[in-house]
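# Analysis of the macromolecular model
Residues per chain, in single letters:
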Amino acid sequence: MAEQMSVDTVPPTAPVHYDFQDAQSGDLGALAAIADAMKSDSLADRLESLKRLGVLALAMGEERTREELVPFLDESIDDEDELLLSLAEVLGDFVQYVGGPKYAYVLLRPLENLAAAEETIVREKAVESINKLVDVMDQPQVEEYLIPCIARLSSGEWFTSRSSAAGLYAAAYGKVTDAIQSKLRAGYEALCKDETPMIRRAAAANLEGLVGRIEKDHVVTFAIPNFRRLAGDDQDSVRLLTVEPLVAITKRLDTEQCRTLLGESVQRLCGDKSWRVRYMVADHFVAVATNVKDRGLQEELVNVAIALMHDNEAEVRGAICTQLDGLADLAAPDAIVTRLQGPLQELVDDPSQHVRATLAKHIGSLCRVFGKEGTIEHLLPLLLRLLKDTFPDVRLNIISKLDVVDRVVGIDSLSQSLLPAIVELAEDKQWRVRLAIIEYVPLIASQLGVHFFDEQLSNLCMSWLGDPVYSIREAATTNLKRLTEVFGVDWARSTIIPKILAMATHPNYLYRMTTIFAITTIAPSVTPEIVRDLILPSLEGLVNDPIPNIRFNVAKSMEPLTAALRRSPDTAPLESSVIRPTLARLEEDSDPDVRFFAHRSLLAIGSAAQAPVATA
């Protein structure tokens, strides 16, 4: 078969190395190299040849590709998993090379063989590619070629083919007659009853897709019986995969059907002896409870959720914490508030830091249900305890969600209850916690006003400029810019800028460096007069700093300062009288980095000055 697909040209002279660079242009030598490389002993060469398979197919033409290349690929199936995976992926996008959708069936045979491969990831990719083909195949093709393919895989001796078959039923179902649909349901039911656990797992995993395709009557007569069978399987690895099909089934049923047909199964899954099954239920709890529609059953499920909050396994408790927002809608608000208080108190002190961190991330969503008074009375004390948790992720998650609490209780109540703890966290030993606090400060400041900020938070914001972590110092400078935008330029001139400039003479060079970063960041938000009167004189004093890093950062800062000065005709002349001479002096500096950045700033300033002229 290899001889049939050869390209009509002389084989490459260097059989050990294959040059594919000219293949795209249709160079015959390169095409021959692709064909030859497919038979190479080198895995890398064979992989490369598969990547260029489309080029070879174009050169051979659609007919020869169907009659020679595809059979060759089928007969020369490799035993290297990496190569099989690549081939399965390539064939899914190969329809255009075999003549379009009407010849898509040609690709089924090699993909069917790949769907029976030992490696799971190869089988999954082959199934994915077959389903791609089904999308472009018409009904006669599906019935003539795909249905026999599914039948062969479903009756295969090895579990590999039968597990792959389960992934093909849903795609085929909507493209065949009622009679064939009946056979497909029977075939899928056989997979659900298969004696091999791996097959039943595949059937459970793919039942969700099939539920979405079958008629509503068959949801009751076919899907629910098979769901119950799988949900009662003796293997927990099968039972845990029935949770997602359960959600799909509940979407197709009305309230009464959910209650009578699924109530018992839902309760049994929620109390399953395997923690992995209970974890899946907890992780999909709101989807299940919402779709069952029956209010009475939902009320019962709230009790189940509370039981899951007391579960022995931390993973289950953490999973149900992610459902708090939707859980609050399953019963009357007063009932939810009453029933959740106890479990939440226990979860705040949970021995697992993962559970506490998950709770901290989602507890804020309950504020809308608890209301302002309920949140202040019941939730704020819990938030305060979580803010003082020993695990940094817990504190971080609470801080990142404070805006949700703020929308319900208002910043006044929030600041009275939590501000002392927030101020304490501003000096937290974990820099990520400090960073989260910094990002939250402008929101607090805008709500509390300038007077409160100056009394409670001003010194705190300045202290961050001297933080040993660069990310904190950088965030602190951005924070000051945002505060300037909140409180105005006059406030910045009298309160913040003098404190920043005072650090320009600090003996520690990091403080002097931060001064440059801070004023460069703030400059676009203040008036040109402030840049002229306060900022520029301080920078001129740092031009002769003994530390080269200080000097080249002065050079870098001149560019944004020039842009600020140009905004006013009164300050624009300073570009030629101060900025350029300063940079010219730094261009003669003994340090090469200082000279480089000074020269770059001069070029940038010059380009910016010419830009309006060029535009005009």
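Refer to the preceding data block for the structure.
Described below are features of the structure shown in this document. (Residues numbered from 1 in each chain as written. Predicted model: local features only at pLDDT ≥ 70, side-chain atom pairs only at ≥ 80, totals over all residues. Heavy atoms only, no water.)

## Observations regarding the overall build of the chain
Secondary structure assignment for the chain yields 36 helices and zero strands. Here the chain holds 616 residues, and 53% of them are scored as buried. Considering only contacts within the chain whose residues lie at least 6 apart along the sequence, 69% involve residues at least 24 apart. About 27400 Å² of surface is accessible on the chain, with carbon and sulfur atoms providing 50% of the total. (Helix = DSSP H or I, 4+ residues; strand = E, 2+ residues; numbered from the N terminus. Buried < 20%, exposed > 50% of the residue type's maximum accessible area, 1.4 Å probe, protein only. Contact = heavy atoms within 4.5 Å. Areas by Shrake-Rupley, 256 points an atom, 1.4 Å probe, with all protein chains shown as cover.)

## Quick notes on the pattern of salt bridges
Taken as a whole and assessed by the stated rule, the structure comprises 29 salt bridges. Arg162 is paired through a salt bridge with Asp194; the nearest N and O atoms lie 2.9 Å apart. Of this pair, Arg162 sits in helix H9 (residues 159-165) while Asp194 sits in the loop between helix H11 (178-192) and helix H12 (197-211), and the two are 32 residues apart along the sequence. Salt-bridge contacts for Arg268 lead to Glu264; the nearest nitrogen and oxygen are separated by 3.5 Å. One end of the pair is Arg268 and the other is Glu264, both in helix H16 (residues 255-270) and four residues apart, which spans about a single turn. Sharing partners across several salt bridges, the network here consists of Arg109, Glu112 and Arg152. (Salt bridge = Lys/Arg side-chain N within 4 Å of Asp/Glu carboxyl O.)

## Regarding the packing of aromatic side chains
Enumeration over the complete set of coordinates arrives at eight aromatic pairs. Their ring planes at 10 degrees and their centres at 4.0 Å tell us that Tyr105 and Tyr145 sit as a pair that is stacked. Of the two residues, Tyr105 is situated in the loop between helix H5 (81-92) and helix H6 (108-114) and Tyr145 in helix H8 (residues 139-154); the sequence distance between them amounts to 40 residues. Residue Tyr105 is classed as partly exposed on the basis of its relative accessible area, which comes to 24%. Accessibility expressed as a relative area gives 28% for Tyr145, which makes it partly exposed. Geometrically, the ring pair formed by Tyr188 and Phe222 is edge-to-face, given 6.4 Å between the ring centres and 70 degrees between the ring planes. Here Tyr188, found in helix H11, pairs with Phe222, found in helix H13 (residues 216-231); they are 34 residues apart in sequence, far enough to count as distant. Neither Tyr188 nor Phe222 differs from the other in exposure class; each is buried. Within the aromatic cluster, the residues linked to one another by ring pairs are Tyr169, Tyr188 and Phe222. (Phe/Tyr/Trp six-rings, centres within 6.5 Å; stacked < 30°, edge-to-face > 60°.)

## What to know about the packing of helix H17 (residues 275-283) against helix H20 (residues 314-321)
Close contact between H17 and H20 brings their axes to 8 Å; oriented N to C, the two are set at 10 degrees. In terms of orientation, H17 and H20 fall into the roughly parallel class. Contacts from Trp275, Arg278, Tyr279, Ala282 and Asp283 of H17 reach H20 at Glu315, Val316, Ala319 and Ile320. Along the lines of polarity and charge, the residues of the contact of H17 with H20 split into six nonpolar, no polar and three charged. (Axes fitted to C-alpha atoms, helices over the stretch in contact; angles between N-to-C directions. Parallel < 35°, antiparallel > 145°, perpendicular 65-115°, else oblique. Nonpolar A, V, L, I, M, F, W, Y, C, P; charged D, E, K, R; others polar.)

## Regarding the nonpolar core
Ranked by size, the top nonpolar core spans 205 residues in total, and within it Phe285 and Trp464 carry the most contacts. In contact with Trp464, other than residues within four places in its own chain, are Ala426, Ile437, Ile438, Val441, Ile472, Arg473, Ala476 and Asn479. (Core = buried A, V, L, I, M, F, W, Y, C linked by side-chain atoms within 4.5 Å.)

## Section: the packing of helix H19 (residues 295-309) against helix H22 (residues 333-348)
Angle between the axes and distance between the axes are the two parameters that describe a pair of packed helices. Look at H19 against H22: their axes get within 10 Å of each other, and the N-to-C directions meet at 10 degrees. One element, H19, and the other, H22, form an angle in the roughly parallel class. Every residue of H22 that contacts H19 at Glu299, Val302, Asn303, Ile306 and Met309 is listed here: Ile336, Arg339, Leu340, Pro343 and Leu347. Partitioning the contact of H19 with H22 into residue classes produces seven nonpolar, one polar and two charged.

## A word on helix H25 (residues 392-400)
Summarising burial for H25: seven of the nine residues are buried, a large majority. Every buried residue belonging to H25 is among Pro392, Val394, Arg395, Leu396, Asn397, Ile398 and Ile399, and all of these are buried.

## Quick look at a negative patch on the surface
A cluster of acidic residues, Glu80, Asp81, Glu82, Glu118 and Glu119, forms a negative patch on the protein surface. By the secondary structure assignment, Asp81 is in helix H5. In this structure Asp81 comes out as partly exposed when scored by relative accessible area, which is 36%. (Patch = residues over 30% accessible without salt bridge, like charges linked within 9 Å, V, L, I, M, F, W, Y side chains within 5 Å. Lys, Arg positive; Asp, Glu negative; His and termini not counted. Charge placed at Lys NZ, Arg CZ, Asp CG, Glu CD.)

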